[in-house]
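The primary structure of each chain is shown beneath.
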Amino acid sequence: MNTLSKRACLLACGIAVLLAGCALYLFFQKRAAHSPEAAYTACIYQDGQILRSISLDQVSETYRFTVEAADGGYNIVEVSPGAIAIVEADCPDRLCVLQGRITDSLLPITCLPHRLVIELKPGDHVSDAPDAVAY
């Protein structure tokens, strides 16, 4: 084996180890997000203003409520123990309904036509303070 093929083999092995490490990290992060100790608070925003915050670990029965949009449209939100979803909407594409239930903070539910965002935040405390301050 010449020197060039040895270097290429070492580079390929290094990349494979790096990819395996990233995959393991993501696997354990997702597993930690689904752990029973993880308590989430659902924050529902419309036009950038918080409408409601719901602690999902304190929900015992499934219930629904309607969020009215400024353009006359609506979204029906379903809250169940540990999960939240938009189950009905009158927006043209209904992508918010297709997102389904969320149970972790990896991806929020968004309805762009009605300017509605539902995101899960870890813990019971929801703060309006910024996450970081830049100078």
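Up top is the structure.
Conventions used here
- Residues numbered from 1 in each chain as written.
- Predicted model: local features only at pLDDT ≥ 70, side-chain atom pairs only at ≥ 80, totals over all residues.
- Heavy atoms only, no water.
- Phe/Tyr/Trp six-rings, centres within 6.5 Å; stacked < 30°, edge-to-face > 60°.
- Lys NZ or Arg CZ within 6 Å of the ring centre and 35° of its normal.
- Salt bridge = Lys/Arg side-chain N within 4 Å of Asp/Glu carboxyl O.
- Helix = DSSP H or I, 4+ residues; strand = E, 2+ residues; numbered from the N terminus.
- Buried < 20%, exposed > 50% of the residue type's maximum accessible area, 1.4 Å probe, protein only.

**Side note on the packing of aromatic side chains**
Next, step 1: Under the definition given, this model contains one aromatic pair.
Next, step 2: Above the plane of the ring of Phe65 lies Arg52, whose end atom (NZ or CZ) is 3.9 Å from the centre.

**Comments concerning the pattern of salt bridges**
Next, step 1: Using the criterion set out here, one finds four salt bridges in the structure.
Next, step 2: Linking Asp47 and Arg115 is a salt bridge whose minimum nitrogen-to-oxygen distance equals 3.6 Å. With Asp47 in the loop between strand S1 (40-46) and strand S2 (49-55) and Arg115 in the loop between strand S6 (109-111) and strand S7 (116-122), the pair connects residues that are 68 residues apart, well separated along the chain.
Next, step 3: A relative accessible area of 57% places Arg115 in the exposed class.
Next, step 4: One salt bridge in this structure joins Glu119 and Lys121, with 3.7 Å as the shortest N-O distance.
Next, step 5: For Glu119, a relative accessible area of 26% translates into the label partly exposed.

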